[in-house]
Amino acid sequence: MYLLSILLVIFCTFATIQSGTFSIEDELDWWQKAVIYQIYPRSFKDSNSNGIGDLKGIEEKAEYLKDLGVDAIWLSAIFKSPMTDMGYDVSDYKAIDPLFGTMADFESLRDKLHSLGIKLTLDFVPNHSSDEHEWFIKSVQRIDPYTDYYVWKDPKAWLNETTPVPPNNWISSFEQSMWTYHPTRKQFYLHQFADKQPDLNYRSKELVEEMLNLIRFWLDKGVDGLSMSAIVFLLENESFLDEPVISNQTINGKPTHNAFDHIYTQCQPETYEMLRRFREVADSYKQKDGQTRLLMLGIGTTPTIENTMKFYGNKSHPIAHIPLNYHLLDSLNDISSAHDYQNHLNKWIENMPAGQWPNWVLGNHDHFRISKRFDSSSVDMMNMLLLLLPGTPFAYNGEEIGMEDAKIRWEQTTDVYALDVGPLLYESFSRDPERTPFQWNSSHHAGFSGIDGKTWLPVNPNYYRINVQAQKYNLKSHYNIYKKLIELRSKEAFYRGDFKMYTISDRVFAFKRNLSNEVYVIIMNLNNEEESVDIKNAIANETNGNFEIILVSENSEYEVGDELNASSGVFRMRPKSSIILKST
């Protein structure tokens, strides 16, 4: 059918047009064209029926990844760990945790992925280790060269014979003092996260060389890149002064992490210098064989945009290929306006140093899923945004089928962050809901595991209707729309073409990607009500006005192949629906 037949002759308020532009002319590397798919290994596929996902399980599903169309995978923490923080407390940087398999399993997975043309990148945690790491055990005992591998400080004072006072007022990300007293060494050690995650001391030359050698170890293993987690915390100011209080926010009567301005514990000048050395190691491998080893940095949203952009470095002293961009993840939600979308997208693009490359993240293992933050009707629309913006998109496993956060009871909770705040507040802090097992089909445990008992986290009860198998043969499903988006993104107009944004109205956002005469327009109705959309004063004026609809969201009233003359009038869009137009 033709949209011209349903054009509505109604009054439409003229929309203010705001625009941002972006284009790239340089030759692009593999990571710039890639869709990078983050896998949370505990939850992807269990191969040995113990209720926990593993490397063999990922290998079993390698063909699925190939069929989906992703170019690279990023594995969350898999190194040996006591699992206080689900692997982000490493006890051996050169070993795979037995929960996930063996080094032989890792090498087999690497070879399988590479045979399919899929790159492999890993999470690497340079800021801290586990307190069960051999280095920490020896540092406690002051055994050289490990004595200064961690940040140790004497008590500021003693309240009495048994109660030492921490060196300062620093509060960790896990809402406790950053300092824990160790009775054997008779000093406090620093931890920006849980007390079982002591911070490494990058003012120790021996520790620095140890970490550089570990990067070489994994690059020698054939990984295509490393994602460095929590790097804003890498070094602290040597003054160890109290941090300024900026709010009276408390949890259980105690000041929170966000109550302080972290001028002494984040983004220190030496942090950037240290990360340059990490990049030098990665680049030395490219000098040998011409293949880029991708360096990604987990920035978070705490630093200012100016500090964040410093993590790109510059042409003579590069740092990250990709400082991970969490601004959309943390700033957009179900009530965001079209102007909010434009402003947050522009925030990154306009502040990005010349010649650098953007990236976008809308989901990961630390944040509620898209269906929670925007509602389940918005899944396709948000995936269109993520995959068709200029730059490298990072996709979280499960978003391709619209997985939803599960309800996790207190007694089922595993996340240390949630456990630390107790049963009254845990739901506000827990990351378990977005980490539940992947839903492959409607069979036992959603096809994730063959275990007779419980999986490590319960499978979402909606698995009988939200799963890969149910969506694979439905051409209008989230899964098939996702596949088509990845296919569409492979067109040069999307990874190299110009980019321009439009706020058609307060609740209708659009953006255009074009290269030469190839023009694509993505229109998103952010409203929870129907919208009358008029693009004739914006997009139509820049083209001949004739479009074909080439992809629609699952909830759209339109069909692929419908035609639109954008200069002729107004058309209707259902709530939370989106369409992709191609100029004809």
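Described in the following lines is the structure provided in the data block. (Residues numbered from 1 in each chain as written. Predicted model: local features only at pLDDT ≥ 70, side-chain atom pairs only at ≥ 80, totals over all residues. Heavy atoms only, no water.)

## What about the side chain of glutamine 187?
So the rule is basically this: Helix and strand labels come from DSSP, where a helix needs a run of H or I of at least four residues and a strand needs a run of E of at least two; each type is numbered from the N terminus. Pairing of N or O atoms within 3.5 Å defines a polar contact, subject to two protein rules: one partner must be a possible hydrogen donor and the other a possible acceptor, and residues neighboring in sequence count only if both atoms are side-chain atoms. In this analysis, two residues are considered to be in contact whenever any of their non-hydrogen atoms come within 4.5 Å of each other.
Tracing the backbone through its elements, the reader meets glutamine 187 in strand β11 (residues 187-190). For glutamine 187, the side chain forms a polar contact with the side chain of arginine 142, separated by 3.4 Å. Among the polar contacts made by the side chain of glutamine 187, one reaches the side chain of aspartate 154 at a distance of 2.9 Å. Those residues in contact with glutamine 187 that sit more than four places away from it in its chain are Arg142, Trp152, Lys153, Asp154, Thr180, Tyr181 and His182.

## Quick word on the packing of aromatic side chains
Let me state the cut-off plainly: Pairing of aromatic rings covers Phe, Tyr and Trp, the last through its six-membered ring, and needs centres within 6.5 Å; plane angles under 30 degrees mean stacked, over 60 mean edge-to-face, and all others mean tilted. Our definition puts a charge over a ring when NZ of Lys or CZ of Arg is within 6 Å of the ring centre and also within 35 degrees of the ring normal.
Evaluated as defined, the whole model comprises 40 aromatic pairs. The cationic tip of lysine 288 hangs over the ring face of tyrosine 285; the distance from NZ or CZ to the ring centre is 4.4 Å. Sitting above the plane of the phenylalanine 368 ring, lysine 372 keeps its charged end 5.5 Å from the centroid.

## Thoughts on the pattern of salt bridges
Between side chains of opposite charge, pairing is possible as soon as their charged atoms come close. Under the convention used in this document: When a carboxyl oxygen of Asp or Glu is within 4 Å of a side-chain nitrogen of Lys or Arg, the pair counts as a salt bridge. Burial classification: accessible surface area is computed with a 1.4 Å probe over protein chains only, and a residue below 20% of its type maximum counts as buried, one above 50% as exposed, and the rest as partly exposed.
With the rule as written, the count across this model stands at 30 salt bridges. A salt bridge links aspartate 131 to lysine 196; its shortest N-O distance comes to 3.1 Å. Here lysine 196 lies in the loop between β11 and α6 (205-220) and aspartate 131 lies in the loop between β6 (119-124) and α5 (134-140), a separation of 65 residues in the sequence. Aspartate 131 gets classed as buried once you look at its relative accessible area, which sits at 18%. With relative accessibility at 26%, the residue lysine 196 sits in the partly exposed group. Salt-bridge contacts for aspartate 283 lead to arginine 279; the nearest nitrogen and oxygen are separated by 3.0 Å. One end of the pair, aspartate 283, and the other, arginine 279, are both in helix α7 (residues 269-289), four residues apart, so they sit about a helical turn from each other. Neither aspartate 283 nor arginine 279 differs from the other in exposure class; each is buried. Three or more residues are tied together by salt bridges with common partners; here these are Asp85, Asp366, Asp415, Arg431 and Arg435.

## Here's the deal with unusual backbone geometry
Of note, the amide linkage connecting aspartate 144 to proline 145 takes the cis form, showing an omega dihedral of 5 degrees. Within the secondary structure layout, proline 145 lies in the loop between α5 and β7 (152-153). In the Ramachandran plot, lysine 576 falls in the positive-phi region, its phi being about 60 degrees despite a non-glycine side chain. Summarising the element assignment, lysine 576 is placed in the loop between β25 (571-573) and β26 (578-583).

## Section: the environment of lysine 454
Turning to its location among the elements, lysine 454 is positioned in the loop between α14 (426-429) and α15 (468-472). Among the residues examined, lysine 454 registers a relative accessible area of 76% and is labelled exposed.

## Details of the sheet that holds strand β12 (residues 225-228)
The following threshold applies: Here a strand pair is declared whenever DSSP counts at least two bridges between the two strands.
Strand order in the open sheet formed by eight strands is β16-β15-β12-β6-β3-β2-β18-β17, with parallel pairing between adjacent strands. Looking along the sheet, the strands with just one partner apiece sit at the ends: β16 (322-323) and β17 (359-361). Note: β12 against strand β15 (residues 294-297), four bridges, orientation parallel. Considered in β15, the bridge of leucine 226 is made with leucine 295.

Nothing here speaks to function; it is geometry throughout.
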